[in-house]
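Secondary and tertiary structure notes
These are the residues of each chain, in order.
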Amino acid sequence: MNSDTTLPVMWYSLLIHTSRLNFCCDIFILVRTKIGPFATPDIIQNSPGLPKTRSGKIMRRVLRKVAKNEKNIGDVTTMADSSVVDNLFENRPHVDFIHE
């Protein structure tokens, strides 16, 4: 894989208890039919919460850094709960092929 390649990554937080396998299968089918096969996530990560900010740009930047395992996430002073980012890093799947 070259450095220009990006992989679809998806984070989710469930409000109800469901099996991860059923959920992932349902997501794959839904994304493939509604958006297209090119958008099917290669990596799916459960998270008890996602970074909440007033600006979606900051959240997208933080999630991109988590996907690439870059610990220097920059300024997160506007984030409602910065401990969520620590949890994302702790539960990150061990893959080293996610590029910008």
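Described in the following lines is the structure provided in the data block. Given the structure is predicted, the values throughout are model-derived calculations rather than measurements.

Turning to the nonpolar core, a few remarks are in order. Counting residues in hydrophobic clusters, the biggest one holds 13 residues, and the most contacted among them are Trp11, Val62, Val66, Val85 and Leu88. The element best represented in this core is helix α2 (residues 56-67), accounting for five residues. Setting aside residues no more than four positions away along its own chain, Val85 makes contact with Pro51, Val62, Ile73 and Met79. Counting residues in each nonpolar core, the second largest holds seven residues, with Phe23, Cys24, Ile27 and Ile44 among its members.

On any regular strand, side chains alternate: one points to one face of the sheet, the next to the other face. Pairing of strand β1 (residues 9-12) with strand β2 (residues 43-46), which is carried by four bridges, proceeds in the parallel orientation. Bridge pairing in β2 links Met10 to Ile44.

Positionally, Ser47 belongs in the loop between β2 and α2. Looking at Ser47, the relative accessible area reads 1%, which means it is buried. Setting aside anything within four residues of it in sequence, one finds Ser47 in contact with Tyr12, Ser13 and Leu88.

Given a rise of 1.5 Å per residue, twelve residues ought to cover 16 Å, and the 16 Å separating the end C-alpha atoms of α2 matches this to within 8%. Taken as a whole, α2 has its buried residues at Ile58, Val62, Leu63, Val66 and Ala67. Backbone geometry just downstream of α2 places Asn69 in the positive-phi region, at approximately 60°.

A few words on the pattern of salt bridges. Enumeration according to the criterion identifies two salt bridges in this entry. The salt bridge involving Lys65 is made with Glu70; its shortest N-O contact spans 3.2 Å. Residue classification places Glu70 among the partly exposed residues on the basis of a relative accessible area of 30%. Two residues, Lys68 and Glu70, come together in a salt bridge whose shortest N-O distance is 3.5 Å. It is possible to trace a salt-bridge network through shared partners that takes in Lys65, Lys68 and Glu70.

The rules behind these values
Residues numbered from 1 in each chain as written. Predicted model: local features only at pLDDT ≥ 70, side-chain atom pairs only at ≥ 80, totals over all residues. Heavy atoms only, no water. Core = buried A, V, L, I, M, F, W, Y, C linked by side-chain atoms within 4.5 Å. Buried < 20%, exposed > 50% of the residue type's maximum accessible area, 1.4 Å probe, protein only. Helix = DSSP H or I, 4+ residues; strand = E, 2+ residues; numbered from the N terminus. Contact = heavy atoms within 4.5 Å. Pairing = 2+ DSSP bridges. Expected span 1.5 Å × (residues − 1). Salt bridge = Lys/Arg side-chain N within 4 Å of Asp/Glu carboxyl O.

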